[in-house]
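As a plain string of letters, each chain reads:
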Amino acid sequence: MLLPRILAHIPYRTAADISAVEIDRIEYDSRRLTDGGTLFVCLVGARLDGHDYAMQVYRRGCRAFLVSRPVDLPPDAVVIETDDTRAALAEISADFFGRPADKLHLIGITGTKGKTSIALMLTAILNGSGCPCAYIGSNGVVIGDRTIETVNTTPESRELHSYFDIMVREGIRYAVLEVSSQALKHSRVRGLTFETTVFTNFSPDHISPVEHPDLADYLSSKAKLFTDYGCTSVVYNADDPMWEEIVGASPAKKISYAAETEADFSAWEIAPYRSRTALGIAFRCDHAGSQTPVQLLTPGEFSVHNALAAIAAAAQCGVSAAQSAGILSRTTVRGRFELVQALPERTFILDYAHNGLSLRSALNVLREYHPARLICVFGSVGGKSQNRRAELGSAASALADYCIVTSDNPDYEAPEAIIAEIMQYFDEKCPHETVTDREEAVRRAVRMSRPGDIVLFAGKGHETYQLTEGKKIPFSERAIICDECAKIETEVISSVHAQSV
């Protein structure tokens with residue numbers, strides 16, 4: 001594609017003749033392969049500045065650069081300057097891929113908690129109702145039977161439009177996106193039009209030097225989804241006291257859901273249930289004079305809120321509450337209260353709870369199922385959100401019967417230092433141990449479990465890696481649990497056999 005066509009919707013300045021410059025790739029990561037057909041966009045990040053890598057990229061063959069400040073490059077480099085390269089990246093990516101988002105029905109979900117569960121529930125409902133739907137969020141990109149791993153909850157704009165392009169070519173009509181506060185703040189979803197947007201809840205989180213400087217910035221970033229992206233319907237949680245501050249300024253039609261008050265979609269007769277192999281919750285959904293029984297394969301009142309949000313959003317796409325309920329009765333969400341059925345009479349649960357509020361909520365919910373012991377394995381990520389560590393230590397020691405404090409994506413920070421900081425806020429009256437290696441911690445928890453116990457593995461959820469010193473090391477908590485359980489069963493069989501000989 002000719003460069004002037006790619007730049008058609010952004011303001012720019014250049015001294016070069018770009019009329020005949022052909023571009024076949026847009027790139028912003030200097031670690032990726034670049035050549036003479038690449039337009040390299042210099043982005044300024046929390047830690048790194050793409051402008052500092054321009055010469056390195058030039059030496060590898062790239063000759064076209066989009067910058068927001070001067071760069072020192074040889075005279076044969078084509079340098080285009082614009083005020084905001086992140087905003088520009090969103091616009092030029094849309095044009096480069098032929099504006100595929102315009103051919104999709106986009107649904108955006110934001111909030112502190114629940115985004116992934118609601119998004120995956122809604123995706124399952126739409127697909128099950130004959131509306132081909134893809135998903136983009138914390139669990140990656142899911143298009144049909146294919147899952148693509150991603151780095152961010154909401155990918156960078158260049159990736160977003162490439163995924164939209166694949167969706168359109170494969171016959172997808174709907175796309176459900178988890179829209180993070182960082183994506184809204186840094187223009188990743190700039191230029192998109194969301195037909196329906198969903199607000200889940202709001203609480204302090206992601207406040208750090210590399211995320212949001214303060215709570216006001218976090219709140220204002222969230223609120224943009226409901227005012228700046230053309231939505232016609234807003235589905236919101238009327239039980240959250242911040243709903244009006246977040247969505248109140250939106251001119252769109254507003255649809256409420258609640259489990260504690262009257263709403264357009266409300267839940268009544270909420271009751272947990274437990275079988276030998278599953279935990280869940282049931283309720284009655286009231287909407288427009290109709291009553292629909294709903295039974296979920298995940299526990300907790302937050303699951304009720306998540307299901308109501310998905311049912312309400314699906315209704316904006318023409319799917320009835322009864323249709324949604326039927327699909328949800330057989331839907332599970334990977335890494336969100338995900339059950340691992342591996343040893344009789346023990347309940348192993350994987351969950352992404354990685355801040356104090358979500359961990360406290362998860363442990364309180366599991367208490368409702370009267371475990372013999374509630375064991376919690378958890379850690380905290382390195383390099384950001386240090387305030388989470390106090391919350392995590394306090395929540396776990398207050399609500400679990402036994403804790404194993406371990407590592408969780410330490411990255412460039414020493415896991416021992418993270419654990420030590422958590423322990424400053426941990427109530428020593430709670431029985432516990434610290435195990436730096438997470439695999440060892442997981443195996444230890446499985447080994448110590450007894451009939452009637454519930455073991456919560458918190459923090460990793462759906463993730464299939466440990467982030468250590470900038471590298472993603474393959475790590476499957478589910479696989480480790482299953483492997484250790486298989487070893488235990490083999491040992492039991494061998495012991496019984498030995499006693500019978």
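The structure this text deals with has already been given above.
Right, let's walk through the structure included here. Bear in mind the structure is a predicted one, so any value in this text is a computation, not a measurement.

Conventions we followed
- Residues numbered from 1 in each chain as written.
- Predicted model: local features only at pLDDT ≥ 70, side-chain atom pairs only at ≥ 80, totals over all residues.
- Heavy atoms only, no water.
- Pairing = 2+ DSSP bridges.
- Helix = DSSP H or I, 4+ residues; strand = E, 2+ residues; numbered from the N terminus.
- Axes fitted to C-alpha atoms, helices over the stretch in contact; angles between N-to-C directions.
- Salt bridge = Lys/Arg side-chain N within 4 Å of Asp/Glu carboxyl O.
- Buried < 20%, exposed > 50% of the residue type's maximum accessible area, 1.4 Å probe, protein only.
- Contact = heavy atoms within 4.5 Å.
- Core = buried A, V, L, I, M, F, W, Y, C linked by side-chain atoms within 4.5 Å.
- Parallel < 35°, antiparallel > 145°, perpendicular 65-115°, else oblique.
- Left-handed = near helix turned anticlockwise from the far one by under 90°.
- Nonpolar A, V, L, I, M, F, W, Y, C, P; charged D, E, K, R; others polar.
- Phe/Tyr/Trp six-rings, centres within 6.5 Å; stacked < 30°, edge-to-face > 60°.
- Lys NZ or Arg CZ within 6 Å of the ring centre and 35° of its normal.
- Expected span 1.5 Å × (residues − 1).
- Disulfide = S-S within 2.5 Å.

**A word on the sheet that holds strand 18 (residues 374-378)**
Okay, so step 1: Read from one edge to the other, the open sheet built from 6 strands follows the order 16-17-21-18-19-20, with strand pairing classed as mixed. Every other strand in the sheet has two partners, leaving strand 16 (338-340) and strand 20 (432-434) as the edge strands with one partner each. In this sheet, adjacent strand axes meet at a mean angle of 20 degrees when their direction is disregarded.
Okay, so step 2: Alignment of strand 17 (residues 347-351) against strand 21 (residues 454-458), held across 5 bridges, turns out to be parallel. Considered in strand 21, the bridge of F348 is made with V455.

**Side note on the pattern of salt bridges**
Okay, so step 1: Applying the stated criterion across every chain, the model contains 35 salt bridges.
Okay, so step 2: K185 is the partner of D217 in a salt bridge, and the nearest nitrogen-oxygen pair spans 3.0 Å. Pair noted here: D217 is in helix 7 (residues 215-227) and K185 is in helix 6 (residues 181-185), with a separation of 32 residues, a long-range link.
Okay, so step 3: By relative accessible area, K185 is classed as partly exposed at 28%.
Okay, so step 4: Ionic pairing is found between R443 and E439, a salt bridge with its closest N-O pair at 3.1 Å.

**Looking at the sheet that holds strand 3 (residues 64-67)**
Okay, so step 1: Strand order in the open sheet formed by 4 strands is 1-2-3-4, and the pairing between neighbours is parallel. Both outer strands of the open sheet, strand 1 (25-27) and strand 4 (78-81), are each paired with one neighbouring strand and no more. Between one strand axis and the next, the sheet turns through 20 degrees on average, direction left out of account.
Okay, so step 2: Pairing geometry for strand 3 and strand 4, over 4 bridges, is parallel. Within strand 4, the residue paired with L66 across the bridge is I80.
Okay, so step 3: Running over the sheet, helix 3 (residues 85-96) touches strand 1, strand 2 (38-41) and strand 3 and is turned about 160 degrees from strand 1.

**Observations concerning the nonpolar core**
Okay, so step 1: In this structure, L122, L126, V176, F265, F283 and L308 are the most contacted members of the largest nonpolar core, which totals 42 residues.
Okay, so step 2: When residues of this core are assigned to their parent elements, the largest contribution, 9 residues, is made by helix 9 (residues 301-315).
Okay, so step 3: When sequence neighbours within four positions are dropped, the list of residues in contact with L126 reads I107, C131, C133, Y174, V176, C317 and V319.
Okay, so step 4: One finds A134, Y163, F199 and F226 within the second-largest nonpolar core, a separate group that totals 33 residues.

**Some words on the environment of R360**
Okay, so step 1: In this structure, R360 sits in helix 11 (residues 356-367).
Okay, so step 2: Using a relative accessible area of 32% as the deciding quantity, one classes R360 as partly exposed.
Okay, so step 3: Look past the residues within four positions of R360 in its chain and what remains in contact with it is S394, A395, A398 and L399.

**What about the packing of helix 4 (residues 115-128) against helix 10 (residues 321-328)?**
Okay, so step 1: Close contact between helix 4 and helix 10 brings their axes to 9 Å; oriented N to C, the two are set at 110 degrees. Viewed along their axes, helix 4 and helix 10 adopt a mutual orientation that is roughly perpendicular. The handedness of the crossing between helix 4 and helix 10 comes out as right-handed. The segment helix 4 lies against helix 10, with M121, A124, I125 and G128 engaging S324, I327 and L328.
Okay, so step 2: Of the residues assigned to the contact of helix 4 with helix 10, the class counts are 5 nonpolar, 2 polar and no charged.

**A look at the packing of aromatic side chains**
Okay, so step 1: Overall, the coordinates contain 8 aromatic pairs when judged by the stated rule.
Okay, so step 2: Seen from their ring centres, F96 and F97 are 5.2 Å apart, and the 90 degrees between their planes marks the pair as edge-to-face.
Okay, so step 3: According to the relative accessible area criterion, F96 is buried, its value standing at 19%.
Okay, so step 4: Between Y236 and W243, the ring centres sit 4.3 Å apart and the planes meet at 25 degrees, which makes this aromatic pair stacked.
Okay, so step 5: On the basis of relative accessibility, which here comes to 22%, the residue W243 falls in the partly exposed class.
Okay, so step 6: The ring of Y58 has R63 sitting right over it, with the charged end atom 3.7 Å from the ring centre.
Okay, so step 7: The residue whose ring lies beneath K460 is Y465, and the NZ or CZ to ring-centre distance is 5.3 Å.

**Observations regarding the environment of C376**
Okay, so step 1: Note that C376 resides in strand 18.
Okay, so step 2: Judged by its relative accessible area of 0%, C376 falls in the buried class.
Okay, so step 3: Along the sequence, C376 and V405 sit 29 residues apart, while their C-alpha atoms lie 8.3 Å from each other.
Okay, so step 4: Sequence-distant contacts of C376, defined by excluding residues within four places in its chain, comprise L359, L363, A400, Y402, C403, I404 and L456.

**Side note on helix 3**
Okay, so step 1: In a regular helix each residue adds 1.5 Å, so 12 residues correspond to 16 Å; helix 3 covers 15 Å between its end C-alpha atoms and thus fits that length.
Okay, so step 2: For helix 3, a buried count of 12 out of 12 residues is recorded, marking the element as mostly surrounded by other parts of the structure.
Okay, so step 3: Here helix 3 has its buried residues at T85, R86, A87, A88, L89, A90, E91, I92, S93, A94, D95 and F96.
Okay, so step 4: Considering only its buried residues, helix 3 is in contact with helix 1 (3-6), strand 1, strand 2, strand 3 and helix 5 (157-169).

**Some points on the state of the cysteines**
Okay, so step 1: In the structure shown here, the tally under the stated rule is 0 disulfides.
Okay, so step 2: With no disulfide of its own, C133 lies 8.0 Å from the sulfur of C317, the closest cysteine sulfur.
Okay, so step 3: On the basis of relative accessible area, C133 is assigned to the buried category, the value being 2%.
Okay, so step 4: C430 carries a free sulfur, and the closest cysteine sulfur to it, the one in C403, is 4.0 Å from it.
Okay, so step 5: Take C430: its relative accessible area is 6%, and that puts it in the buried class.

**Here's the deal with the packing of helix 9 against helix 10**
Okay, so step 1: Between helix 9 and helix 10, the least distance of the axes is 9 Å, while the angle of their chain directions is 135 degrees. In terms of axis orientation, helix 9 runs oblique to helix 10. Two packed elements cross with a definite hand, and for helix 9 against helix 10 that hand is right-handed. Contacts from A307, I311 and A314 of helix 9 reach helix 10 at A321, S324 and L328.
Okay, so step 2: Class assignment for the residues of the contact of helix 9 with helix 10 results in 5 nonpolar, 1 polar and no charged.

Function-wise, these values are silent; they only describe arrangement.
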